[in-house]
Amino acid sequence: MTQEEKTKIEERIVDVLRTVYDPEIPVNIYELGLIYKIDVKDNHDVDVDMTFTAPSCPAADFILEDVRQKVDAVEGVANANIHLVFEPVWDQSMMSEEARVELGFD
């Protein structure tokens, strides 16, 4: 797979991640900075490292499954592997400018 093909798949993944929300926060998980890594492999498998705003997120199972299903459905993805990580610890500085404005931090 070429780098251009990987980039296109990654762009499609980012697009679907922008449709995933924590039910308690009106900003998508991508703009919140909860996605740490998207790795598109030559065999079309994708590894996604993500976190939550708090380790005890009550919607964790729902969000993880939503991410897995949506990434798995992206054209060009053979298998989505979603990894929950807590290093580095998420903080508000990881949010996009758009998210900071939406949540009133700027």
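Refer to the preceding data block for the structure.
We now turn to the structure provided with this report. (Residues numbered from 1 in each chain as written. Predicted model: local features only at pLDDT ≥ 70, side-chain atom pairs only at ≥ 80, totals over all residues. Heavy atoms only, no water.)

**Some words on the overall build of the protein**
Short version of the rule: Runs of H or I in DSSP of at least four residues are treated as helices and runs of E of at least two as strands, each being numbered from the N terminus. To sort residues, take the accessible area from a 1.4 Å probe on protein chains only and compare it with the maximum for the residue type: under 20% means buried, over 50% means exposed, and anything in between is partly exposed. Note on contacts: a residue pair qualifies if any of its non-hydrogen atoms lie within 4.5 Å across the two residues. Each accessible area value is a Shrake-Rupley result obtained with a 1.4 Å probe; residue values ignore everything except the protein chains displayed when judging cover.
The helix and strand tally for the protein stands at three helices and three strands. Projected onto the principal axes, the alpha-carbon positions of the protein cover approximately 40 × 25 × 25 Å. When burial is assessed residue by residue, the protein has 38% of its 106 residues classed as buried. Long-range pairs, those at least 24 residues apart, make up 62% of the contacts in the protein between residues at least 6 apart in sequence. Taken as a whole, the protein presents about 6,000 Å² of accessible surface, with 49% of it coming from carbon and sulfur.

**Describing the pattern of salt bridges**
Convention followed: The term salt bridge refers to a side-chain nitrogen of Lys or Arg lying within 4 Å of a carboxyl oxygen of Asp or Glu.
Summed over the entire model, instances satisfying the criterion amount to nine salt bridges. Between K70 and D66 there is a salt bridge, with the nearest N and O atoms lying 3.5 Å from each other. Of this pair, K70 and D66 both sit in helix α2 (residues 60-72), separated by four residues, roughly a single helical turn. When its relative accessible area of 27% is taken as the criterion, K70 is described as partly exposed. For D66, a relative accessible area of 15% corresponds to the buried category. Residue R68 is joined to D72 by a salt bridge in which the shortest nitrogen-to-oxygen separation is 3.4 Å. Placement of the pair is R68 and D72 together in helix α2, with a separation of four residues, close to one helical turn. Its relative accessible area of 31% is what places R68 among the partly exposed residues. Each of the salt bridges in this network shares a partner with another, and the network as a whole consists of D39, K41 and D47.

**As for the nonpolar core**
Operational definition: Buried Ala, Val, Leu, Ile, Met, Phe, Trp, Tyr and Cys residues that are joined via side-chain atoms within 4.5 Å together make up what is termed a nonpolar core.
With 29 residues, the main nonpolar core has I13, L17, I29, I38, V46, I63 and V67 as its most contacted residues. Of all elements in the fold, only α1 (3-17), β1 (35-40), β2 (45-50) and α2 reach the threshold of two or more residues within this core.

**Section: the pairing of β2**
Basically, it comes down to this: Only strands that DSSP links by at least two bridges are regarded as paired with each other. Seen with its strands pointing away from the viewer, a crossover is right-handed if its path from the first strand over the helix to the second goes clockwise.
Counted residue by residue, β2 has six buried out of six residues, so it is predominantly covered. Residues of β2 alternate between two faces, with D45, D47 and D49 on one and V46, V48 and M50 on the opposite face, all of them buried. Remark: four residues form the turn of the hairpin made by β1 and β2, two consecutive strands paired antiparallel; H44 in that turn has positive phi of roughly 75 degrees. Two strands pair when backbone bridges link them, and β2 and strand β3 (residues 79-84) are joined in this way by six bridges, in the parallel orientation. Following the sheet pairing, D47 is matched in β3 by N81. At this point the chain moves from β2, through α2, to the parallel β3, and the crossover so formed is right-handed.

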